Amino acid sequence: MLGHSIKQFLRGGVSTPHVVVSTWLGACLASVVSASNSLGLLLSVLVLTSVIRVNWGVLAVATLVTKTLFWLGAGVIFSSGQWLLTGPLAESWMNVASLPVLAWFGLEYPLVSGALLWTLAMTAVISALLMAGLGWLRRGATSLEGSSKYQSFASKPVGRWVLQLTLGVSASQGILAALDKQIGFWRWKGAAVAGVVILVAGFTGNQWTNNNARGLLSSALAAANGATVDIEQAEFNIWRGRLSLEGLQIADSENLATNLLAANQLSMTVSWADLLSKQVRVDEITVRQAQSGSQRATKGQLTGPMVNVPEVSDVDSESIQDYLKQAKEWKERLARVKEWLDRWESGDQATQPSPADLDYETWLDEQIQNSGYASVVHEPLARRYWQTNIDRVYIDALTAEWLAPETLAIEMTSLSSQPAENTAAPRLLLTSASDNMALDVTLESLVDSSVNSKIQGHFNNIDYQTIKAQLNNSIANKVNDGIVNIAVSGDFSHKDTGELNLLLAAQLSNASLTIKGELIDVERFDIPVLVQGAFANPSIRVDKSAVESQVKDLAKDVVKSKVESKLKDKVQDKLKGLFKR
């Protein structure tokens, strides 16, 4: 049974289509520099050989001859690939190299691109030589079969295998019989077997992924977070590309007894079509019933953060520290945001000279001398691969102790590992169930460096006592109680030369202020605050003219009240004296 199956598999034809296709597949196989770099090309050749009745002898000869010629002419092959990637056809070639399946061929390596270009010429030459050889063999078949040397060769096991590989299993009946044997082009049973193998591999991979997803994801997320990440249950549907997590707990690396984020459920869907193009596109990430700052049942462990907290200089005593007690902490937070935005943007930055640069050829020669032709990568094409794009992230209900009693809904859209390649800017929308909090941030500077990012929002009905602890005593003690409403608007740039330019319009209502030693009830008091300067070290400037104008009005009211009170007392005294008389 096994021998018969092997013979059926080796039934390669010697017609022109069989020879040409077998030669071309052999040349393509010779173009594979390494299985890891050209996995798609290798698998494509294997799949085609399972569904086409290739001539294995021709394929082997073509592979060996082409591989030898590619090795001897590596410099020419590499230059051809460079021409494809940097010449007049560069954009078209890179578009082809970004297509599904072809993206896995390793075309970002000039040596692979050049080799595939030369396969066309190699196929034509080798096929022509092989067809000429088969024609000569057909003409001399009768005399050749009658020779004692041929009979001796054909009677040996090695001879029989060689003849069957080159002429098919009909070679046992004679050379002419093998040459005249009509062999179908398609291997229908092979196609069915290949389909079954793919299905079995898919089911096996899906089962293995489900069995190991929890541990793999916990380790990967812990490495990114810098602290323990626990997952109760993880399920991945390989056919739908859907990942579901339950019982997610991400420990806070600065307070291991609490969770930075905990969620009952997290689900996401990945596009398989984009994965075939070496792209990661997530349609939506949905987080259900999220909490921040919740207590952990077991204390987390540090694993080492991927992004270190940046160091900041001492606080300028004439800026933030005049108003905030924990000014340096606020500067550290801004510096951390800037560091995060810089890292997000740095995914777009080139790490090698552009082909248009004058020093590109010198750099290229150094790379070839140090690592060889096979290791050189064309970065403009490589950067097109493995872009991560997330259309939408939605958290339906986030609660936290510092937010109580508010519940937040958070939506993020147009997230990308290379935002400059997108037309839509990343955007954050935050709203509370009570509408006391709303924030809209559009990071336009990540898409276009000449445009600033925008921010606007409001934070209403804040009890003054909750923010009093953040203010310096000189500021905090001037207000005893009240309700604070804050509206924020403006723009900013996280670049080194960029600045913050924000307006914080704070409004006190139903408050009590101390003015000239007098405690005054105030229905409304507006405090315009400008936050300007370097992103990580801004200054806070209160619009003193607006504040002083309101204070003068309040002071006048105080004086007026005192005068009226004294006049009233005097009038009352006068009236009392009059009645006494």
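Residues numbered from 1 in each chain as written. Predicted model: local features only at pLDDT ≥ 70, side-chain atom pairs only at ≥ 80, totals over all residues. Heavy atoms only, no water.

1. Regarding the pairing of strand β1 (residues 229-237)
Move 1: Note: β1 against strand β2 (residues 242-252), eight bridges, orientation antiparallel. Within the sheet, the bridge partner assigned to Asp230 lies in β2 and is Gln249. (Pairing = 2+ DSSP bridges. Helix = DSSP H or I, 4+ residues; strand = E, 2+ residues; numbered from the N terminus.)

2. Overview of the nonpolar core
Move 1: Residues Ile285, Val287, Leu408, Leu443 and Phe492 are the most contacted members of the largest nonpolar core, which totals 46 residues.
Move 2: It is strand β5 (residues 388-400) that provides the largest number of residues to this core, a total of five residues.
Move 3: By size, the runner-up hydrophobic cluster in this structure holds 17 residues, among which are Val45, Trp93, Leu107 and Leu381. (Core = buried A, V, L, I, M, F, W, Y, C linked by side-chain atoms within 4.5 Å. Buried < 20%, exposed > 50% of the residue type's maximum accessible area, 1.4 Å probe, protein only.)

3. Comments concerning the packing of helix α5 (residues 74-86) against helix α6 (residues 90-97)
Move 1: For the pair α5 and α6, interaxial distance at closest approach is 5 Å and the crossing angle is 95°. Accordingly, the angle class assigned to the pair α5 and α6 is roughly perpendicular. Between α5 and α6, the residues in contact are Leu84, Leu85 and Thr86 and Ala90, Trp93 and Met94, respectively.
Move 2: Here the residues of the contact of α5 with α6 are counted per class, giving five nonpolar, one polar and no charged. (Axes fitted to C-alpha atoms, helices over the stretch in contact; angles between N-to-C directions. Parallel < 35°, antiparallel > 145°, perpendicular 65-115°, else oblique. Contact = heavy atoms within 4.5 Å. Nonpolar A, V, L, I, M, F, W, Y, C, P; charged D, E, K, R; others polar.)

4. Brief notes about the pattern of salt bridges
Move 1: The final tally for this structure, using the stated rule, is 10 salt bridges.
Move 2: A salt bridge links Arg384 to Glu91, with the shortest nitrogen-to-oxygen separation between them at 2.8 Å. In this pair, Arg384 is assigned in the loop between α16 (379-382) and β5 and Glu91 in helix α6, connecting sequence segments 293 residues apart.
Move 3: Given a relative accessible area of 22%, Arg384 falls into the partly exposed group.
Move 4: The class of Glu91 is partly exposed, set by a relative accessible area of 44%.
Move 5: As a salt-bridge pair, Arg288 and Asp396 come within 3.8 Å of each other at their nearest N and O atoms. In this pair, Arg288 is assigned in strand β4 (residues 280-292) and Asp396 in strand β5, connecting sequence segments 108 residues apart.
Move 6: Among the residues examined, Arg288 registers a relative accessible area of 36% and is labelled partly exposed.
Move 7: The exposure class of Asp396 is partly exposed, given its relative accessible area of 22%.
Move 8: Through salt bridges that share partners, Glu284, Arg392 and Glu411 make up one connected network. (Salt bridge = Lys/Arg side-chain N within 4 Å of Asp/Glu carboxyl O.)

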